[in-house]
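Reading the structure
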Amino acid sequence: MAQHQLTTSSHGASGHQPVRTCVGCRKRGLRSELVRVVALRGRAVVDHRRRLPGRGAWLHPDQRCLTQAIRRKALPRALRVSGQLDTGELEDSFASGLVSGTQDEEGYGRPVPRRGNESRSTRHESAVKLKP
Ligand SMILES: [Zn+2]
C-alpha cells in the first residue's frame, strides 16, 4: 500500500542548530545560514570562518539585509563600535556575492581576486614603529 512519504519539512530537524538574529531584517535564521560580521579597526568585514574574536553581527547573505542594517545603524550598535564604522568593504563583499554560499568552511580563505576595485580606500600602511 501507499507508504507515507517522509516529508522532512514538518519535522523540524534544526532542533539543535544555533540560531541567530539578522541585524538587518531582524528575522532569525540558522547560524550556518547567516553571515558573521565583525569590526576590524573601524571597518566592518565578513568573518567567513566565523572564528574571529569579539562581538559579531549576523546578517543574511542578502544586500537588502545589509542595507537595512546600515540604515538603522544596527551594525555599529551590534558590534559595539563607538564612532565611525566603515561599511564600504562589507558592502563590496555583499555586492560581489562573496558572502553567498559560505556554509562550507573548508577551502575558504584563499585570497579572492579583486577585479575592478578602484581602491579609494584609505588604507594607510602605518608601520610606524618609533625606535630610538
Ligand atoms: Zn536578514
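Coordinates for the structure precede this section.
Residues numbered from 1 in each chain as written. Predicted model: local features only at pLDDT ≥ 70, side-chain atom pairs only at ≥ 80, totals over all residues.

As for the sheet that holds strand E5 (residues 57–59)
One open sheet holds the three strands; their spatial order is E4-E3-E5, and the pairing between them is antiparallel. Each end of this open sheet is capped by a strand with a single partner; those strands are strand E4 (43–47) and E5. For this sheet, the mean inter-axis angle between neighbouring strands, taken without regard to orientation, is 40°. Sheet topology places strand E3 (residues 35–40) next to E4; five bridges connect them, and they run antiparallel. Looking across to E4, one finds that Arg36 is bridged to Asp47. (Pairing = 2+ DSSP bridges. Helix = DSSP H or I, 4+ residues; strand = E, 2+ residues; numbered from the N terminus. Axes fitted to C-alpha atoms, helices over the stretch in contact; angles between N-to-C directions.)

Observations concerning the nonpolar core
Counting residues in hydrophobic clusters, the biggest one holds 18 residues, and the most contacted among them are Val23, Val35, Val37, Trp58 and Leu59. Elements with a contribution of two residues or more to this core: E3, E4, E5, helix H1 (63–71) and helix H3 (88–95). Those residues in contact with Val23 that lie beyond four places of it in its chain are Ala57, Trp58, Leu59, Ala69, Ala74, Leu75 and Ala78. (Core = buried A, V, L, I, M, F, W, Y, C linked by C-beta atoms within 7 Å. Buried ≥ 20, exposed ≤ 12 C-beta atoms within 10 Å, placed from the backbone. Contact = placed C-beta atoms within 7 Å.)

Things to note about unusual backbone geometry
Here Arg41, not a glycine, exhibits a phi torsion of approximately 50°, which is positive. Within the secondary structure layout, Arg41 lies in the loop between E3 and E4. Since 6 C-beta atoms lie within 10 Å of it, Arg41 is described here as exposed. Unusually for a residue other than glycine, Arg80 sits at a positive phi of about 55°.

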